[in-house]
Amino acid sequence: RSQNDIALLNDYLTNAAGSAQPRGLFIQGDGFAQSETQTGGVDPAHTDFLAQKLGLSLRNPSYQSVSGNTNDCTDLITTNIITTNADIYGVSNNCSFSNDLLQRNPGLAETAAASFYENAGLNGPYVASVRKAAVATRNWVALTDGWDVEHLFGRYCDTDPGRISYYYQALSNVFGSICTLAGGPSLVLDTPHAPSGRPLMDAVALFGNPMRPGLESTVRLTLTKRDRVEILLLDLSGRTVRTLASREFSAGEHALRWDGTDDAGRRLARGIYFAQVRYASSGFEGTRKVTILR
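**Q** So what exactly am I meant to see when it comes to the nonpolar core here?
**A** When a protein is soluble and globular, its nonpolar side chains tend to lie buried together. With 23 residues, the main nonpolar core has L76, Y117, W147, L152 and Y166 as its most contacted residues. The set of elements that each furnish at least two residues to this core consists of helix 4 (63-67), strand 4 (88-92), strand 6 (111-117), strand 7 (126-132), strand 8 (140-145) and helix 5 (161-174). Counting residues per element, this core draws most heavily on helix 5, which supplies four residues. Discounting residues that sit within four places of it in the chain, Y117 has contacts with Y63, T74, D75, L76, N99, D100, L101, Y126, V127, A128, G146 and W147. Judged by nonpolar contacts, the second largest core, of 22 residues, contains M211, L223, V229 and A245.

**Q** What am I meant to see in the sheet that holds strand 16 (residues 285-292) here?
**A** Read from one edge to the other, the open sheet built from four strands follows the order 13-12-15-16, with strand pairing classed as antiparallel. Two strands close off the open sheet at either side, each with one partner strand: strand 13 (240-249) and strand 16. Between one strand axis and the next, the sheet turns by 15° as a mean value, whatever way the strands run. Relative to strand 13, strand 12 (residues 227-234) runs antiparallel, the two sharing eight bridges. Looking at strand 13, one finds that L234 is bridged to T240.

**Q** So what exactly am I meant to see when it comes to helix 1 (residues 5-14) here?
**A** Among the residues of helix 1, those classed as buried are I6, N10 and L13. The arc that holds every buried residue of helix 1, seen down its axis, measures 70°, which confines them to one face. In this fold, the buried residues of helix 1 make contact with strand 1 (23-28), helix 2 (32-39), helix 3 (45-54) and strand 8.

**Q** What's the story with the state of the cysteines in this structure? I'm lost.
**A** In a disulfide, the sulfur atoms of two cysteines are covalently bonded to one another. Summed over the entire model, instances satisfying the criterion amount to one disulfide. Residue C73 pairs covalently with C157 via a disulfide, S to S 2.1 Å. Taking the sign of the S-S torsion, 75° for the link of C73 and C157, the bridge is right-handed. Of this pair, C73 sits in strand 3 (residues 73-78) while C157 is found in the loop between strand 9 (152-154) and helix 5, placing the two residues 84 residues apart along the sequence.

**Q** Before we go on, may I ask you to explain the packing of aromatic side chains in this structure?
**A** For any pair of aromatic rings, geometry is given as the distance between the ring centres together with the angle between the planes. Applying the stated criterion across every chain yields a total of nine aromatic pairs. Three or more aromatic residues joined by ring pairs form one cluster here, namely F26, Y89, W147, Y166, Y167 and F175. Sitting over the ring of W140, K132 keeps its end group 4.7 Å from the ring centre. Lying across the ring of F153, R163 places its NZ or CZ 5.3 Å from the centre.

What counts, and where the lines are drawn
- Residues numbered from 1 in each chain as written.
- Predicted model: local features only at pLDDT ≥ 70, side-chain atom pairs only at ≥ 80, totals over all residues.
- Heavy atoms only, no water.
- Core = buried A, V, L, I, M, F, W, Y, C linked by side-chain atoms within 4.5 Å.
- Buried < 20%, exposed > 50% of the residue type's maximum accessible area, 1.4 Å probe, protein only.
- Helix = DSSP H or I, 4+ residues; strand = E, 2+ residues; numbered from the N terminus.
- Contact = heavy atoms within 4.5 Å.
- Pairing = 2+ DSSP bridges.
- Axes fitted to C-alpha atoms, helices over the stretch in contact; angles between N-to-C directions.
- Arc of directions from axis to C-beta.
- Disulfide = S-S within 2.5 Å.
- Phe/Tyr/Trp six-rings, centres within 6.5 Å; stacked < 30°, edge-to-face > 60°.
- Lys NZ or Arg CZ within 6 Å of the ring centre and 35° of its normal.

Function-wise, these values are silent; they only describe arrangement.
Next up, the structure:
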């Protein structure tokens, strides 16, 4: 650790010495853009590094506060810059830390959003990663992610093989022109839509929680095989207030919206409710809490 890391990184990217051109820089962490923005108030070289070398600025130090999404896990959706498909991963979304919300520098045409956090609330889209490609006048490649490595998982944050998938895809597709990776990931993947992954695990997740006036919650299911699924909304006493589904679903991913009404179409009172999910054949069960704010 030096007394001027930014000067070292600037020198690394722009020094033409040697044959290793273009250079590449992969930065990840929920505090990097925050700290450089804050330090830029004292030394403008730090915010200039973000804007001119990485091609980004800090929109807000907390995705959670801007989106209003308080789920413990939020979707991370990649663009074709990182993956050939719109692969979906999971990032921990906890009030004990914050995921940086980024935005690309429109002054550098070679920059682009590389991934997005889940588009919850009214202030999206939410840029999670920014890629800067190499061009003749700025001959380096950079990828900056707004979350910590330990907070990246497969979708729904139940397992962590998705982490291997993400890094393999990012290194291959963003930095492949600099250093080609041989072979494939060493672990079986469980990331939705990943072409080299295995079928999804049985899982359930609830998004749009708490439910604010005028908004809905979404129950997301993944099924490894066709199955009959029952989804009940229960109040605190365990009484069923809404049967959201009781039918067969095909294997794959499904999303069902709930507008906060009971089976008679009446809006439920402010309070805590539970979405209870059961798969008849596989025996999978899951319960998720949802809070209605009126």
